Amino acid sequence: MAPQTVDVHVASFTELDVRTFHDLLRLRIDVFVVEQRCPYPELDGRDVEPGTRHLWLAHDGMVRAYLRLLADPGGVVRIGRVVVAPAARGGGLAGRLMTEALRLVDGPCVLEAQAHLAGFYAGHGFTVTGPEYVEDGIPHLPMRRGGASSPKD
């Protein structure tokens, strides 16, 4: 599947229909909980916050990639739950997803990157802002784009 064949969607929680929210959660759980074997409370309450925006790419009506943008204190946007469906990996969807997300961000942006993906995020203007730590058995790095710690592209 070529990246240009996907539809881009952005919605707040109240704009999501039940089926779409189900499909977004299903992808997140299939990858983060099942594939990566990280049993954690996927429903953390942040999906429903007024400042949260859900961004996903779909092909033929099927969710292929997803992330959420959270409104953190101080005007900082937090990118989280970045995921690409296993069958859609290697087609450039992660890069397209990040590009679309960063178009929506006006100001500083942070994320907690799985350490092996730090180079991918660096390619989108993020820099490491702290030491590596382990969460759910996976090494992570705090990263930031824009603001005082790194210039925004």
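Scroll up a little and you will see the structure.
What this report covers is the structure whose coordinates are included nearby. (Residues numbered from 1 in each chain as written. Predicted model: local features only at pLDDT ≥ 70, side-chain atom pairs only at ≥ 80, totals over all residues. Heavy atoms only, no water.)

A closer look at helix H1 (residues 18–35)
Here comes step 1: Here H1 spans 24 Å end to end across 18 residues, near enough to the 26 Å set by a 1.5 Å rise per residue.
Here comes step 2: Turning to H1, its buried residues number three or more, namely Thr-20, Phe-21, Asp-23, Leu-24, Leu-25, Leu-27, Arg-28, Val-31 and Phe-32.
Here comes step 3: Buried residues in H1 make contact with strand S2 (53–59), strand S3 (62–71) and strand S4 (77–84).
Here comes step 4: Sitting at the head of H1, Asp-17 places a side-chain oxygen 3.1 Å from the backbone nitrogen of Arg-19.
Here comes step 5: Following H1 by one or two positions, Arg-37 has its phi on the positive side, about 55°. (Helix = DSSP H or I, 4+ residues; strand = E, 2+ residues; numbered from the N terminus. Expected span 1.5 Å × (residues − 1). Buried < 20%, exposed > 50% of the residue type's maximum accessible area, 1.4 Å probe, protein only. Contact = heavy atoms within 4.5 Å. Polar contact = N/O pair within 3.5 Å; in protein donor to acceptor, adjacent residues only side chain to side chain.)

Digging into the environment of Thr-52
Here comes step 1: Secondary-structure assignment places Thr-52 in the loop between H1 and S2.
Here comes step 2: For the pair formed by Thr-52 and Ile-79, sequence separation is 27 residues and the distance between their alpha carbons is 9.9 Å.
Here comes step 3: Apart from residues lying up to four places away in sequence, Thr-52 is in contact with Ala-11, Ser-12, Phe-13, Arg-46, Asp-47, Arg-68, Leu-69 and Leu-70.
Here comes step 4: Only 2.7 Å separates the side chain of Thr-52 from the backbone oxygen of Arg-46, close enough to count as a polar contact.

Digging into the pattern of salt bridges
Here comes step 1: Counted according to the given criterion, the structure contains 15 salt bridges.
Here comes step 2: The salt bridge involving Arg-28 is made with Glu-42; its shortest N-O contact spans 2.3 Å. Here Arg-28, found in helix H1, pairs with Glu-42, found in the loop between H1 and S2; they are 14 residues apart in sequence, far enough to count as distant.
Here comes step 3: The buried category is assigned to Glu-42, whose relative accessible area is 6%.
Here comes step 4: Arg-78 is the salt-bridge partner of Glu-112, the closest N and O atoms lying 3.2 Å from each other. Here Arg-78 lies in strand S4 and Glu-112 lies in strand S5 (residues 109–114), a separation of 34 residues in the sequence. (Salt bridge = Lys/Arg side-chain N within 4 Å of Asp/Glu carboxyl O.)

Thoughts on a nonpolar patch on the surface
Here comes step 1: On the surface, Val-8, Val-10 and Leu-104 cluster together into a nonpolar patch covering about 190 Å² of accessible area.
Here comes step 2: Checked against the element boundaries, Val-10 lands in strand S1 (residues 7–11). (Patch = residues over 30% accessible without salt bridge, like charges linked within 9 Å, V, L, I, M, F, W, Y side chains within 5 Å. Areas by Shrake-Rupley, 256 points an atom, 1.4 Å probe, with all protein chains shown as cover.)

Digging into the nonpolar core
Here comes step 1: One finds Trp-56, Leu-67, Ile-79, Met-98, Leu-111 and Phe-126 to be the most contacted residues of the largest nonpolar core, which totals 38 residues.
Here comes step 2: Among the secondary structure elements, those contributing two or more residues to this core are H1, S2, S3, S4, helix H2 (93–104), S5, helix H3 (118–122) and strand S8 (138–145).
Here comes step 3: No other element matches H1, which puts six residues into this core.
Here comes step 4: What Ile-79 contacts, discounting residues up to four positions off in sequence, is Leu-67, Arg-68, Leu-69, Met-98, Leu-102, Cys-109, Val-110, Leu-111 and Phe-126. (Core = buried A, V, L, I, M, F, W, Y, C linked by side-chain atoms within 4.5 Å.)

A word on the environment of Pro-50
Here comes step 1: Take Pro-50: it is sitting in the loop between H1 and S2.
Here comes step 2: Here Pro-50 falls in the exposed class, since its relative accessible area comes to 81%.
Here comes step 3: For Pro-50 and Leu-70, which are 20 residues apart along the polypeptide, the C-alpha to C-alpha distance reads 9.2 Å.

Here's the deal with the packing of aromatic side chains
Here comes step 1: Under the counting rule described, the total for this entry stands at three aromatic pairs.
Here comes step 2: When the ring of Phe-13 is compared with that of Phe-21, the centres are 5.2 Å apart and the planes differ by 85°; the resulting orientation is edge-to-face.
Here comes step 3: Owing to a relative accessible area of 30%, Phe-13 belongs among the partly exposed residues under this scheme.
Here comes step 4: Here Phe-21 falls in the buried class, since its relative accessible area comes to 17%.
Here comes step 5: Taking 6.2 Å as the distance between ring centres and 80° as the angle between the ring planes, the aromatic pair formed by Tyr-121 and Phe-126 counts as edge-to-face. (Phe/Tyr/Trp six-rings, centres within 6.5 Å; stacked < 30°, edge-to-face > 60°.)

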